[in-house]
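Geometric and topological summary
One-letter residues, chain by chain:
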Amino acid sequence: MKELTTQLLEAARLAPSGSNSQPWRFKIVQAPAIKAKLMAAANGQPFIGAAPVILVCCVDIKGYVASTIATIDAMHAGGQLSAFMAESIRSRTRDLAARAVAFNIGIAGEHIALRALDFGLGTCWVRAFDEVRVRELFGWGENLYVAALMPVGYPAEFPQARPRRPLEELLLS
Ligand SMILES: Cc1cc2nc3c(=O)[nH]c(=O)nc-3n(C[C@H](O)[C@H](O)[C@H](O)COP(=O)(O)O)c2cc1C
């Protein structure tokens, strides 16, 4: 499982990100006691305690903002961007930044989910958890935003695919 986990994280590492900021950070959890605490922080969802590996998917908010500003400033200095754009990024609050970086961790996490399929593994995006509780569990400060938990393991069952809306419902007139 260790080698497979490394390969999943390698797929995440190669994901695209805004300004190539690569703000994702991951905690690999295998210890049963920690998984039990994650399960408790995630409303007792039992598969979190049962999966062999939980990837705690986070973003480094300060790093993201600093890296994005550096890129934006360089573009501004090169005449490619207005000063307004750089200023608007600087003035973002933590929450706004967290929302912006969620796109990046979403793409990296989906790289993990799709790569896992190549290995016959199953994953599940988990967002129903207490973010503060998870940060406290690992002693992380507010700078680290815990975006998702991703249990990884071999599927115990193969249910029918869940329905999706037909394409015509998605097209705006
Ligand atoms: C952002 C996001 C958050 C989710 N959070 C949870 C969760 O907390 N618990 C859970 O059991 N499933 C969670 N899911 C899984 C969805 O319920 C599931 O993907 C959806 O019902 C479609 O089913 P499918 O992925 O099997 O096609 C989440 C999925 C996404 C994309």
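Let me sum up the structure you'll find in this document.

A short note on the overall build of the protein
- From N to C terminus, the protein includes 8 helices and 4 strands.
- When its helices and strands are written in sequence order, the protein yields α-β-α-α-β-α-α-α-β-α-β-α.
- Oriented by its inertia axes, the alpha-carbon framework of the protein measures out at about 55 × 45 × 30 Å.
- Here the protein holds 173 residues, and 27% of them are scored as buried.
- Of the contacts made within the protein by residues no fewer than 6 positions apart, 75% connect residues no fewer than 24 positions apart.

Some thoughts on the environment of Gly122
- Mapping Gly122 onto the fold places it in strand β3 (residues 122-123).
- Of the residues examined, Gly122 has 18 C-beta atoms within 10 Å and is grouped as partly exposed.
- Spatially, the C-alpha atoms of Gly122 and Ala156 are 9.0 Å apart, while their sequence positions differ by 34 residues.
- Setting aside its immediate chain neighbours within four residues, Gly122 contacts Ala116, Gly153, Tyr154 and Pro155.

Procedures and definitions
- Residues numbered from 1 in each chain as written.
- Predicted model: local features only at pLDDT ≥ 70, side-chain atom pairs only at ≥ 80, totals over all residues.
- Helix = DSSP H or I, 4+ residues; strand = E, 2+ residues; numbered from the N terminus.
- Buried ≥ 20, exposed ≤ 12 C-beta atoms within 10 Å, placed from the backbone.
- Contact = placed C-beta atoms within 7 Å.

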